[in-house]
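# Structural overview
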Amino acid sequence: MDPAAMGGPPRPLDEGIQEVHTYEVRVPTELQLSYVHGTCDTTYGSRVHETPEAVVVDVDVRDDDVEICNAMGKIDRIGVTLREPLGRRVVLDSSSGVPLLPQSDVHLVEFQNYDPRHS
C-alpha cells in the first residue's frame, strides 16, 4: 500500500472544488449547509443523497450570465431535509468527496491570534 495514501487531510476527488464546508443539525432530519459561491452566481436549491453510511449534499449554484463580475466568493446557508435522522452517518460534499465537520466542531476563532513562533 502506498504510504502517501495513508493519513493526511482528505483531498478533493478529480480536482473537484469543495462547495459545502460545514453543516448544522437543526432537527434530526434537517441540516443547514454552509457553502461558498461567487457573488455573481445564483443558488437554485440543494440536493441530498442518503445511504445507511453517508449523507451526500450538494448545492445547485450556477453562474449568472454577466459580462463583468468581481470574482469574489461569499458564504451562504441553505437547508436540506433527510428521509432518516442523521445519526452517526458521515456528511460528504458531493463536489469534492470531502467529509464535512459539524459547524459546532469548527473553532477558527481559537487560532485568530495564533503565532507559531511563540508555541
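Below is a summary of the structure that appears in this document. In this text the structure is predicted, and so the values were computed from the model without any measurement. (Residues numbered from 1 in each chain as written. Predicted model: local features only at pLDDT ≥ 70, side-chain atom pairs only at ≥ 80, totals over all residues. Heavy atoms only, no water.)

### Digging into the state of the cysteines
For clarity, the cut-off: We call a pair of cysteine sulfur atoms a disulfide whenever their separation is within 2.5 Å. Helix and strand labels come from DSSP, where a helix needs a run of H or I of at least four residues and a strand needs a run of E of at least two; each type is numbered from the N terminus. When accessible area is computed with a 1.4 Å probe and restricted to protein chains, residues below 20% of their type maximum are described as buried, those above 50% as exposed, and intermediate ones as partly exposed.
Enumeration over the complete set of coordinates arrives at one disulfide. Paired by a disulfide, Cys40 and Cys69 hold their sulfur atoms 2.0 Å apart. On the sign convention where negative is left-handed, the bridge of Cys40 and Cys69, at about 105° about the S-S bond, is right-handed. Linking Cys40 in the loop between strand 2 (30-38) and strand 3 (41-50) with Cys69 in the loop between strand 4 (54-63) and strand 5 (73-81), this pair joins segments that are 29 residues apart in sequence. Cys40 gets classed as buried once you look at its relative accessible area, which sits at 17%. Cys69 sits in the partly exposed class, given a relative accessible area of 36%.

### So, the environment of Leu101
Residue position: Leu101 is located in strand 7 (residues 101-102). Separated by 79 residues in the primary sequence, Leu101 and Thr22 have C-alpha atoms spaced 5.4 Å apart.

### Overview of the pattern of salt bridges
Keep this limit in mind: Any Lys or Arg side-chain nitrogen located within 4 Å of an Asp or Glu carboxyl oxygen qualifies as a salt bridge.
Taken as a whole and judged by the stated rule, the model has five salt bridges. When the shortest N-O distance is used, the salt bridge between Glu50 and Arg89 registers 3.0 Å. With Glu50 in strand 3 and Arg89 in the loop between strand 5 and strand 6 (90-93), this pair connects stretches of sequence that are 39 residues apart. For the pair shown, Glu50 and Arg89 are each scored as buried. Between Arg62 and Asp60 there is a salt bridge; the shortest N-O distance is 2.7 Å. Look at the salt bridges and you will find they share partners, linking Arg47, Asp58, Asp60 and Arg62 into a network.

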